[in-house]
Amino acid sequence: MDHPPYRVAQELEQLLGDPDGPGTVFSHARSLELDEKEEFPADICRTLEDWRIQDFYVPAEHGGRLTDYETVMQVMRVVARRDLTVAIGHGKTYLGAVCVWVSGSAGQARALADDIRAGLPVSLALTERAHGSDLLAGDVLGEPDGHGGWHLTGEKWLINNATRGSLLSVLTRTDPDGGPRGFTVLLVDKRRLREGDDYHCLDKIPTHGIRGADISGIAFAAAPVPAGAAVGPVGGGVETVLKALQLTRTMCASLSLGAADHALRIALDFVERRELYGRRLVELPQARHVLASAAADVLAGEALATVAARSVHTLTGELSVAAAVTKYLVPTGTETVIAELTRLLGARAFLKDVHARGMFQKVDRDHRIVGLFDGNTLVNLNSLVNQFRSLVRGWRRGGGDTAGAVRAFDLSVPLPPLDAARLSLVARHGSGIMASLPDSVAALRTEAEGRPELKNALASAERLLAVTDRVHEEMDAYRSVVSDVPPAAFDAARHYSLCLAGAACLGLWTHNHRAAGEGGTGALWADGLWLWPVLDRLLARLGEPDAGKPDAYPPLLEHLRRTRTSGDLFSLLPLRLATAAVADPPSTAPYAARSAGGTTASAPAAAAGGAVRPRAASAGASAAAGGPVGPGSASAGASAAGNGRGGAAAHGAAEPRSAPVSDPVSPAPTSSAPAPTAAVAGRAAGGAGAAGPAAGSRAGSGQGAGAAAGAGLASEPPPAAAAAGDVAQAAVREGGPRVAGAPGGTDVHAHTHEGTSC
């Protein structure tokens, strides 16, 4: 399927060249060099600007190339896949301009568009040192100058591009009493101010991830700002910001998708090359289990993000729901993917210059901030809680814009221009994406009548529909909550997010499986190859008993492995990577045909022993005696909260103490227990083979696959849990303040319950 957004992304990918090739400007080696120096990637940004990437930050009606947000998402995914520092540092200009696109005058929009297309950076200044993301507590004050303008005084802190930016959209208290109508967005042009007198920039803050980004601040001292700088009506600043954040939260998915692409590719290359005790790591059941689960999670995030990006145009009035779900689920899902792959890589996940130049540790560090800015996890979940009343009512009445949802699902339908006036803080009639779920299940049921290969995907879809009914009953108990949201309400919002993601996946498949089946990724769409494991993973995250069907995953894993040698991105739709093709193709032998004793097990015997045979294999192909490939009742990784990567516990002071600490994406619904030890993983992978007596023990070659896995799935035992926890919890290197969570808490006043961290 030749889909235009991926075609544009392909153009940029090929222009940038092989990230591992000599002479490539935007290379992994260059990104690591700049990261070590904590230097802004100016030369890489110039390369992007030569391609005119800044035009994608400007709506087409103002002279740019922003015709649809799906294309922007795929373009920024290309950049994020190479280096999140570049994507965040350069893409911040869109964030700085979006308030003008939402509420600004035609004159403001034309002038700002000209500046952006000329290459001037723009920044959004929301957060303050004393108040973090509590927008209604902001102290930066605009005092009337007697001529319709203001004198601007105060400090904005943890602002991306505060120093480099020529213009800043500053959320300003224009009424001393504050309140929801006491703030205005002022577009401040530093070129018209006197540096040192009217303002000064704060020092760059040393951060643990995105080290080269300009995370700094700015202090104003009675800076003169003209009346024409007000974006939208005076007093309408908070509403403007909250509507604008619906767009930016949706686009943040591109950052997480790019990070997941990169992390998955690094891990895949490692397990294909690494040999332990005469077998490649990819042949061990536990390694396959981790890879297959990660692959399903990546596609779930891509499907949800695709539907959400298209919803910007077709479900604009309901974007408050889709944006919150996407901003919560895609970053936390990627955090979990990275955590799982970290355990697969072992020590190499933390080491530099050992595997993949040490890029994995950079991806890990850089991505942690994505779940925090533009509203962190609890801010987005709280936004959903605030809409429980309309969402439950809409589900029961079949409300929501289902026609708009179909246009979002059907990739052949051209997207209309965004009408920003239709943005709303609340989806008053429910969610069209969710309301479409019964129709999508019915369509799959009809399709499966003559295609028995779809029966498993259908069974998962019908279970999802039943769960969705129960989740809305769960939500109904908290439909009147306004403040002091209990932890159980956050759990209900998490469950709702997973159900809506499932509805998005089903809608996308049912409306595109025939057309997409003709393209380069056609195998993914045939027979529900991606749909079944993705739905199964969502059910496992919802805590459904018996979810985690082993048979769902082997075909998806084999497709992932083929992308490594074909040079394609592992993605729902075709995109050829500029990376050089891998010379050593995967083995064509059965992935683990030997039994624990070293003999080949027949397929029936393997199946009886609980092993899994890939559906694509011949009937006589055997499988490992060690256990399932797909996720079982025990999660392959610790919970995101337990690992310090997302969830309430990971955000430190930025999260309320009353927030739930259960894992939002673990198969166990409320478990916060640590991941299985390497010895346990070894026993699971080795079946009859004996694992080492301790998690860190080195197994002898006679101990089989279980011993190899017991040694940590890598050549060395993984770091101790305490050490790994220390690494995961670190948000800022020693000597600098924390950036992983803005100070002062995430709560804003009961009127909005919104915020951003930097």
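Above this text sits the structure in question.
Residues numbered from 1 in each chain as written. Predicted model: local features only at pLDDT ≥ 70, side-chain atom pairs only at ≥ 80, totals over all residues. Heavy atoms only, no water.

(A) Layout of empty space enclosed by the protein. If you walk through the whole model with that rule in mind, you get eleven cavities of 30 Å³ or more. Reported here for the largest cavity is a volume of approximately 320 Å³. Around the largest cavity sit 21 residues that line it, and Gly91, Lys92, Leu95, Cys252 and Leu255 are the ones nearest its centre. At the level of elements, helix H4 (69–82), helix H5 (84–103), helix H7 (237–251) and helix H8 (253–273) are the ones that each hand at least two residues to the lining of the largest cavity. Taken together, the residues that form the lining of the largest cavity break down as 15 nonpolar, four polar and two charged. (1 Å grid on protein atoms, 1.4 Å probe; cavity = no way out; pocket = protein on both sides within 12 Å on 5 of 7 lines; lining within 4 Å. Points joined across faces, edges and corners; volume = space filled by probe spheres on them. Helix = DSSP H or I, 4+ residues; strand = E, 2+ residues; numbered from the N terminus. Nonpolar A, V, L, I, M, F, W, Y, C, P; charged D, E, K, R; others polar.)

(B) View of the pattern of salt bridges. Counting across every chain of the model gives 49 salt bridges. A salt bridge links glutamate 13 to arginine 82, with the shortest nitrogen-to-oxygen separation between them at 3.5 Å. Of this pair, glutamate 13 sits in helix H1 (residues 4–16) while arginine 82 is found in helix H4, placing the two residues 69 residues apart along the sequence. Of the residues examined, arginine 82 reaches a relative accessible area of 3% and is grouped as buried. Across the pair arginine 77 and aspartate 261 runs a salt bridge, and its minimum N-O distance is 2.8 Å. Taken together, the residues span a long stretch of sequence, with arginine 77 in helix H4 and aspartate 261 in helix H8 at a distance of 184 residues. Given the relative accessible area of 1%, arginine 77 is considered buried. Judged by relative accessible area, aspartate 261 falls into the buried class, the value being 7%. (Salt bridge = Lys/Arg side-chain N within 4 Å of Asp/Glu carboxyl O. Buried < 20%, exposed > 50% of the residue type's maximum accessible area, 1.4 Å probe, protein only.)

(C) Structural view of the nonpolar core. Ranked by internal contacts, the top residues of the largest apolar core, which has 197 residues, are Trp101, Leu291, Leu341, Ile433 and Trp530. Take this core: its biggest share by element is 17 residues, from helix H9 (residues 285–314). Setting aside residues up to four positions removed in sequence, leucine 291 forms contacts with Leu264, Ala267, Leu268, Val271, Val282, Leu341, Leu344, Leu557 and Leu560. Counting residues in each nonpolar core, the second largest holds 19 residues, with Tyr199, Cys201, Val225 and Ala230 among its members. (Core = buried A, V, L, I, M, F, W, Y, C linked by side-chain atoms within 4.5 Å. Contact = heavy atoms within 4.5 Å.)

(D) Spatial organisation of the layout of surface pockets. Roughly 620 Å³ of internal volume is contained in the second largest pocket. Considering the residues around the second largest pocket, the lining is formed by 30 residues, among which Asp20, His28, Arg265, Ile266 and Thr579 are closest to the centre. Those elements giving two or more residues to the lining of the second largest pocket turn out to be H4, H8 and helix H21 (554–566). The leading source of residues in the lining of the second largest pocket is H8, at eight residues. Residue classes in the lining of the second largest pocket are distributed as 14 nonpolar, five polar and eleven charged.

(E) Region of interest: the environment of aspartate 175. Here aspartate 175 lies in the loop between strand S4 (167–173) and strand S5 (183–189). A sequence separation of 34 residues divides aspartate 175 from leucine 141, and the C-alpha atoms of the two residues are 8.2 Å apart.

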